[in-house]
Amino acid sequence: QKEVEQDPGPLSVPEGAIVSLNCTYSNSAFQYFMWYRQYSRKGPELLMYTYSSGNKEDGRFTAQVDKSSKYISLFIRDSQPSDSATYLCAMSALLDSNYQLIWGAGTKLIIKP
Amino acid sequence: EPEVTQTPSHQVTQMGQEVILRCVPISNHLYFYWYRQILGQKVEFLVSFYNNEISEKSEIFDDQFSVERPDGSNFTLKIRSTKLEDSAMYFCASSREWDQPQHFGDGTRLSIL
């Protein structure tokens, strides 16, 4: 079983729709949760960073963490064609005295005009 | 906003040759990382570096790889004798503390012929 599961997509939605991206994880030791956006041939760009269960909002983006279900989500409201990218979840913890950052496979999102 | 910069953006090298990829992390960051991403695949951790020494490395980071912080601003990844399978995007990242999110550069595309 992979530590972090993320559907690779592609996920195609019309412009203006609400997008829901998700990751599940198996290790309850994960403490910090991140969402990155990656455009083609560019580096991952940090979108959201949370360390507790609940919601965090930043503009059109909302990150949600449910530690009891080991499930994190990223919601994008009023989606735009410029949101088309690959979205990667990442989570981290101090494991075996080493800091480990574990990545999801990334979901390719396509927003159709 | 401060950013991680990487040079060159594209490097073409003959198999067996040495290559050095360069990064300038964000100036007040203390932790530095290299990642690799083969086209269409997941981001893979290579190595983390703190206080002038390697703090963690993956199985990919074998004896052909080395990292160095030659001065107060640069962070380099050297591949001693490149192989065809080293062709990938290489991303440098930095963070202020181990539990803070990592910020990525736009990568160096390494092509081995």
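Residues numbered from 1 in each chain as written. Chains lettered and ligands numbered in written order. Predicted model: local features only at pLDDT ≥ 70, side-chain atom pairs only at ≥ 80, totals over all residues. Heavy atoms only, no water.

1. Brief notes about unusual backbone geometry
Trans is the prevailing form of peptide bonds, just as negative phi is the prevailing case for residues other than glycine. In this structure, the amide linkage connecting A:Gly9 to the following residue, A:Pro10, adopts the cis form with an omega of 10 degrees. For A:Pro10, the location among the structural elements is in the loop between β1 (4-5) and β2 (11-14). Note the cis peptide between B:Thr7 and B:Pro8, where omega equals -10 degrees. Of note in the backbone geometry, A:Asp78 takes a positive phi value of approximately 45 degrees without being a glycine. Summarising the element assignment, A:Asp78 is placed in the loop between β8 (71-76) and β9 (85-95). When its relative accessible area of 43% is taken as the criterion, A:Asp78 is described as partly exposed. Positive phi outside glycine occurs at B:Asn51, with the angle close to 55 degrees. (Helix = DSSP H or I, 4+ residues; strand = E, 2+ residues; numbered from the N terminus. Buried < 20%, exposed > 50% of the residue type's maximum accessible area, 1.4 Å probe, protein only.)

2. As for the pattern of salt bridges
Residue and element names in this part refer to chain A. Throughout the structure, instances matching the rule amount to 5 salt bridges over all chains. A salt bridge links Glu57 to Arg77; the shortest N-O distance between them is 3.5 Å. Note that Glu57 is positioned in strand β6 (residues 54-58) and Arg77 in the loop between β8 and β9, a separation of 20 residues in sequence. For Glu57, a relative accessible area of 59% translates into the label exposed. (Salt bridge = Lys/Arg side-chain N within 4 Å of Asp/Glu carboxyl O.)

3. Examining the sheet that holds strand β7 (residues 61-66) of chain A
In spatial order, the strands read β1-β3-β8-β7-β6 (chain A); together these 5 strands make up an open sheet with antiparallel pairing. Looking at the sheet topology across the chains shown, the edges are occupied by β1 and β6 of chain A. (Pairing = 2+ DSSP bridges.)

4. Topic: the interface of chain A and chain B
A common way to state how big an interface is: give the accessible area lost once the parts meet. Contacts between the two partners involve 19 residues from chain A, matched on the other side by 19 residues from chain B. Scanning the region where chain A abuts chain B turns up 1 salt bridge. Looking at the side of chain A that touches chain B element by element, the count peaks at 5 residues for strand β10 (residues 98-103) of chain A. (Contact = heavy atoms within 4.5 Å.)

5. Overview of the sheet that holds strand β8 (residues 75-79) of chain B
In a beta sheet, neighbouring strands pair by backbone hydrogen bonds and run either parallel or antiparallel. Residue and element names in this part refer to chain B. With respect to topology, 4 strands assemble into an open sheet ordered β1-β3-β8-β7, the strand pairing being antiparallel. At either margin of the open sheet sits one strand with a lone partner, and together these are β1 (5-7) and β7 (65-68). Direction aside, the axes of adjacent strands within the sheet are offset by 20 degrees on average. Sheet analysis places β7 next to β8, joined by 4 bridges and oriented antiparallel. From the neighbouring strand, Phe65 faces β8, where its bridge partner is Ile79. (Axes fitted to C-alpha atoms, helices over the stretch in contact; angles between N-to-C directions.)

6. Quick word on the state of the cysteines
Linking two cysteines covalently through their sulfur atoms gives a disulfide. Tallied over the entire structure, the rule returns 2 disulfides over all chains. Each sulfur of the disulfide joining A:Cys23 and A:Cys89 lies 2.0 Å from the other. Measuring the twist about the S-S bond at about -100 degrees, one finds the A:Cys23-A:Cys89 disulfide to be left-handed. One end of the pair, A:Cys23, is in strand β3 (residues 19-25); the other, A:Cys89, is in strand β9, and 66 residues separate them in sequence. Take A:Cys23: its relative accessible area is 0%, and that puts it in the buried class. In this model, B:Cys23 is linked to B:Cys92 through a disulfide, with the two sulfur atoms separated by 1.9 Å. The sign of the -65 degrees torsion about the S-S bond sets the B:Cys23-B:Cys92 disulfide as left-handed. Of this pair, B:Cys23 sits in strand β3 (residues 19-24) while B:Cys92 is found in strand β9 (residues 88-95), placing the two residues 69 residues apart along the sequence. (Disulfide = S-S within 2.5 Å.)

7. A look at the packing of aromatic side chains
Scanning the entire structure with this criterion turns up 17 aromatic pairs over all chains. Ring centres of A:Tyr32 and B:Trp98 lie 6.3 Å apart, and the angle between their planes is 90 degrees; this geometry places the pair in the edge-to-face category. Of this pair, A:Tyr32 sits in strand β4 (residues 32-38) while B:Trp98 sits in the loop between β9 and β10 (103-104), which puts the two residues in different chains. The class for A:Tyr32 is buried, based on a relative accessible area of 14%. One aromatic cluster is present, formed by A:Tyr36, A:Trp103, B:Tyr33, B:Tyr35, B:Phe45 and B:Phe104 through successive ring pairs. (Phe/Tyr/Trp six-rings, centres within 6.5 Å; stacked < 30°, edge-to-face > 60°.)

8. Here's the deal with the nonpolar core
Residues A:Val4, A:Phe30, A:Trp35, A:Ile72, A:Leu74, A:Tyr87 and A:Met91 are the most contacted members of the largest nonpolar core, which totals 26 residues. Other than its neighbours up to four places away in sequence, A:Leu74 contacts A:Val19, A:Ser20, A:Leu21, A:Trp35, A:Leu47, A:Met48, A:Phe61, A:Thr62, A:Ala63 and A:Tyr87. (Core = buried A, V, L, I, M, F, W, Y, C linked by side-chain atoms within 4.5 Å.)

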